[in-house]
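# Geometric and topological summary
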Amino acid sequence: MKTAKPHQTKQPDGDRLVDSDIVGEGWTPVEPGADPVLYGHAQITPRGQFEVRSYQTFTLTYTVGRFGLDDTGAIRVVFRAMGDTGRLQTTDPAGDNYVTARASNGVTLSVNYAGRGMSARPRWKSLTVNVSNGYMREGDTITIVFGDTSQGSSGLKLQTMVETDFEFKVLADVCAVGHFVPIPDTPTIDIVPGKPEVWRAVLPSLRRPGERFHFGVKAEDNWGNPTPLACARLRFETTLPVEGLPVSFDYPFGERAVVFDDLRVAEEGELRITVFRHDTNELVAQSHPMMIRQGPYSGYWGDLHGQSGESIGIGTARSYFTFARDCAFLDLTSHQANDFQVNNRFWSYLNELSLEFLEEGRFVTFPGYEWSGNTAVGGDRNVYFRTEGRQIRRSSHALLPEREDLHTDAPDAKLLFEALSDEDCVVYAHVGGRYADIVYAHDARLERSMEIHSAWGTFEWMLTDGFALGHRSGVVCNSDGHKGRPGASYPGASMFGAYGGLTCFLAESLTRDGIFECLRRRHHYGTTGTRLFLDVRADLTTDGKCYHDDPNVFPDAGFDTVSQVMMGDIVQTGDTEITLALEVSALSPIERVEVRNGIEVVETLRGFSEKELGERIRVVWSGAEYRGRGRETKWKGRARFEGASIQRMEKINAWNHERRLEQHGRDVVVFDAITTGNFGGFDVWLEDVSDARFSIETNFGALNGALSEIGLEETVLDAGGLERKIRVFRLPKSNPHRTLSAEVKISLKPDADNPLWVCVTTEDGFQAWSSPIYAFR
């Protein structure tokens, strides 16, 4: 048997473009005379590598330049918006992240921190040190201590994500005129992964017999960073024979991930790979399921939406592509920088990178960008080109000093669609800081899908709003990640509340042409980050017309006469009823599958019956404040199961380990959580339940009753906002059902579209949605 040689992944050094190569720094580019002699220079101690989320102390010393630093002048240290380093403070010497500053010549210094408002994107966070009651001469110094522990502070709490060259970027207003000039040298440190906490084993979801695939193994630290600190002799057990996979493997210290390429399975069936420690037989990880089936399509996983440090994110564009391929084990990706931060040189560089990383049959990339217009003019869109070298059509030049190509802009979404009308491209609408307004603008020739989940949250309304408008859009999910981890995008400890999404593309081949055909036919499904297998088909009693394109948009669209269609298809039928056939296979047990016609839930499927319910209670909070940028809902509360005892408690979607979700005493769970359209919660396994009662008290209301009243159907507290709810229901003590197949008969509404789709929820908190089948009579 041929054994595949594993590909091992170290932390890439990367090639960062400097600030003069791209714009988006939020200040005037450095003048030629702004050198260390004139404006001063800075250095930091200690330097080196420091573990994520560790407490540290750093001393930054700014030496005044030849211009001096005038009375009421200031220096400012700025940090990237998307980092989640602890919030700096100057008022509690014993508290975390305490900062002090002193001047060598004794002038008075005042220190102020602002999370936003004092410095422009992408470095919103700023610490300003103002001079008063005097001035400073060349050679004088300002010493800032970040995480000053001299009065009891634990130090500065570092961010949760890995970053090479984390910057303490210093600007100086030497003339006290309110104009801060970045000094040329930028002190940096490296933030590195922590010790391994969990292993991951990652497979694709669908391949044909004999077709090439890859299998990835990695260890992650407590915050989801692939860590090079793992080392083990591993043993693999498979449910089907796998050509090229060794029985055992020595996972080497120093690697972030290992990929086994060129694997194949000859026979049909379901492949799962279980990973053990070779010597102790300890279970290390279980893979997602992969179906081996003969058919026209395979399933290829992608995250086509994220950014790097050249715009609003973290890390370099090169490390972004490398992570997607080698650490997230994706089949395809695209980089999506905000257009108003992309100058022509950076756009050219991104095109070069997408072409460099393109390896059809193994890893597909698309050149693209995020059109980042305000919601008032259409809101966020993603643009993907089939080939490199196309003209970028920006929403604006908001952070670009260049003005010679203003005529290429498309300042509203209608003009964007007009400018792209002859391009070979595909567009998504999505919800980021801004949300897309598909009422204002939508072009079905280009905009084939809606992104309904990302690290920003879950937004089914992006799709369902279109049903009433006659839109026939597919479902995609992406990370919209800003932390340099496309395809495995953990939210960290700041403004993001959800794990990033993924899309499975059902395509004939892993090529740009194959994926573009898939996108234009909506043959894909999205998840909140899991890689479950999902198949949804509609069986027709009499033959129908399956259109190659939307006949409402393309009147001459061709069609095939068929008796069965798949997710994403548009079909016309004379039937009054249709049979929806679905199949799900997941890593975790399946909690429910909702079968939907538009916004109506036709039937809810479970692998278990009401008779199988046990003393396991699930409490879930979900929803958002509203659709816009301030959508985050903050939940604070306690759940009490009076008269019962909590035997065990497990968390659901508790991504931020620093937010409270814990058991207190024998019968209480307290929580402090956020949701942004997604959901979180917990399960409790109870005993001594006779005559027990439950009470849930939150900042949005209360819910209480007899524990015996909680059953299969949900008890719900409607908390206002945007689908803001607390739900309580009962589950079996143990649910072994990781696969589910069913056929559901659905009556078709006359004279209207019937968007037939499913939503899968697994017990570990992940969800998946199929692109609707658009059936009409």
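Rules of the game
Residues numbered from 1 in each chain as written. Predicted model: local features only at pLDDT ≥ 70, side-chain atom pairs only at ≥ 80, totals over all residues. Heavy atoms only, no water. Helix = DSSP H or I, 4+ residues; strand = E, 2+ residues; numbered from the N terminus. Rg over C-alpha atoms; globule rule 2.2 N^0.38 Å. Buried < 20%, exposed > 50% of the residue type's maximum accessible area, 1.4 Å probe, protein only. Areas by Shrake-Rupley, 256 points an atom, 1.4 Å probe, with all protein chains shown as cover. Lys, Arg positive; Asp, Glu negative; His and termini not counted. Charge placed at Lys NZ, Arg CZ, Asp CG, Glu CD. Salt bridge = Lys/Arg side-chain N within 4 Å of Asp/Glu carboxyl O. Phe/Tyr/Trp six-rings, centres within 6.5 Å; stacked < 30°, edge-to-face > 60°. Pairing = 2+ DSSP bridges. Axes fitted to C-alpha atoms, helices over the stretch in contact; angles between N-to-C directions. Contact = heavy atoms within 4.5 Å. Core = buried A, V, L, I, M, F, W, Y, C linked by side-chain atoms within 4.5 Å. Expected span 1.5 Å × (residues − 1). Parallel < 35°, antiparallel > 145°, perpendicular 65-115°, else oblique. Left-handed = near helix turned anticlockwise from the far one by under 90°. Nonpolar A, V, L, I, M, F, W, Y, C, P; charged D, E, K, R; others polar.

Moving on, we get to the overall build of the chain. Summing up its helical and strand segments, the chain has 6 helices and 56 strands in all. Taking 2.2 N^0.38 as the reference for a compact globule, 777 residues should give roughly 28 Å; the C-alpha atoms of the chain span a radius of gyration of 27 Å, in line with that estimate. C-alpha atoms of the chain, sized along the principal axes, occupy 85 × 70 × 60 Å. For the chain, with 777 residues in total, the buried portion stands at 62%. Surface exposure of the chain reaches about 28,400 Å², of which carbon and sulfur atoms provide 46%. Counting 83 positive and 109 negative side-chain charges, the chain places the averaged centre of each group 2 Å from the other.

Turning next to the pattern of salt bridges. All told, the structure shown has 51 salt bridges when counted by the stated rule. Of the charged contacts, one joins Arg434 and Asp380 as a salt bridge, the two residues approaching to 2.7 Å between their closest N and O atoms. Highlighted residues: Arg434 in the loop between strand E31 (425–429) and strand E32 (447–454) and Asp380 in the loop between strand E29 (368–371) and strand E30 (381–385), separated in sequence by 54 residues. For Arg640, the salt bridge identified is with Asp667, shortest N-O distance 3.2 Å. Separated by 27 residues along the polypeptide, Arg640 in strand E44 (residues 633–642) and Asp667 in the loop between strand E46 (661–664) and strand E47 (668–675) bring together distant segments of the chain. Look at the salt bridges and you will find they share partners, linking Arg386, Asp424, Asp513 and Arg520 into a network.

Overall, the coordinates contain 37 aromatic pairs when judged by the stated rule. Taken together, a centroid distance of 6.0 Å and an interplanar angle of 80 degrees make the contact between Phe467 and Trp757 edge-to-face. In this pair, Phe467 sits in helix H5 (residues 461–468) while Trp757 sits in strand E54 (residues 754–762), placing the two residues 290 residues apart along the sequence. The class for Phe467 is buried, based on a relative accessible area of 15%. Through successive ring pairs, a cluster of aromatic residues spans Phe50, Phe58, Phe79, Phe146, Phe166 and Phe168.

Judged by pairing direction, the sheet is mixed, and its 3 strands sit side by side in the order E3-E15-E12 without closing on themselves. Of all the strands in the sheet, just strand E3 (49–51) and strand E12 (163–167) have a single pairing partner and so form its edges. For this sheet, the mean inter-axis angle between neighbouring strands, taken without regard to orientation, is 40 degrees. Examined bridge by bridge, E12 and strand E15 (residues 188–192) share 3 bridges and lie antiparallel to one another. Across the sheet, Phe166 pairs through a bridge with Ile189, a residue of E15.

With antiparallel pairing, the 5 strands of this open sheet are ordered in space as E46-E47-E44-E49-E50. Two strands close off the open sheet at either side, each with one partner strand: E46 and strand E50 (701–706). Each neighbouring strand pair of the sheet contributes to a mean axis angle of 15 degrees, computed without reference to strand direction. The sheet contact formed by E44 and E47 spans 8 bridges and is antiparallel.

What follows is about H5. With 6 of 8 residues buried, H5 is to be regarded as a mostly interior element. Listed in full, the buried residues belonging to H5 are Trp461, Met462, Leu463, Thr464, Gly466 and Phe467. Of the residues trailing H5, Gly470 is marked for its positive phi of about 80 degrees.

Another point: the environment of Phe776. Its location among the elements puts Phe776 in strand E56 (residues 773–776). The spatial distance from the C-alpha of Phe776 to the C-alpha of Leu748 is 7.5 Å, given a sequence separation of 28 residues. Once residues within four sequence positions are removed from consideration, Phe776 is found in contact with Arg472, Tyr547, Pro551, Ile570, Val571, Gln572, Thr573, Ala752 and Asp753.

What follows is about the nonpolar core. Generally speaking, nonpolar side chains in soluble globular proteins are found buried as a group. Ranked by size, the top nonpolar core spans 79 residues in total, and within it Leu534, Leu580, Leu582, Val593, Val758 and Val760 carry the most contacts. Beyond its immediate stretch of four places on either side in the chain, Leu582 contacts Asp535, Val536, Val593, Val595, Leu605, Leu740, Ser741, Ala742 and Val758. Counting residues in each nonpolar core, the second largest holds 39 residues, with Ile44, Phe50, Ile144 and Val181 among its members.

Residues lying three or four places apart along an α-helix face the same way, a consequence of the helix completing one turn every 3.6 residues. For helix H3 (residues 344–357), with 14 residues, the first-to-last C-alpha span of 20 Å sits near the 20 Å given by 1.5 Å per residue. Among the residues of H3, those classed as buried are Phe346, Trp347, Tyr349, Leu350, Asn351, Leu353, Ser354 and Phe357. In this fold, the buried residues of H3 make contact with helix H2 (317–326), strand E28 (364–366), E29, E30 and helix H6 (512–521).

As a further point, take the packing of H2 against H3. Direction vectors running N to C along H2 and H3 enclose 25 degrees, while the axes themselves pass 10 Å from each other. Considering the angle they form, H2 stands roughly parallel to H3. Seen along the crossing, H2 lies across H3 with a hand that is right-handed. Residue-level inspection shows Ala317, Arg318, Phe321, Thr322 and Arg325 of H2 in contact with H3, the latter providing Tyr349, Leu350, Leu353, Ser354, Glu356 and Phe357. Partitioning the contact of H2 with H3 into residue classes produces 6 nonpolar, 2 polar and 3 charged.

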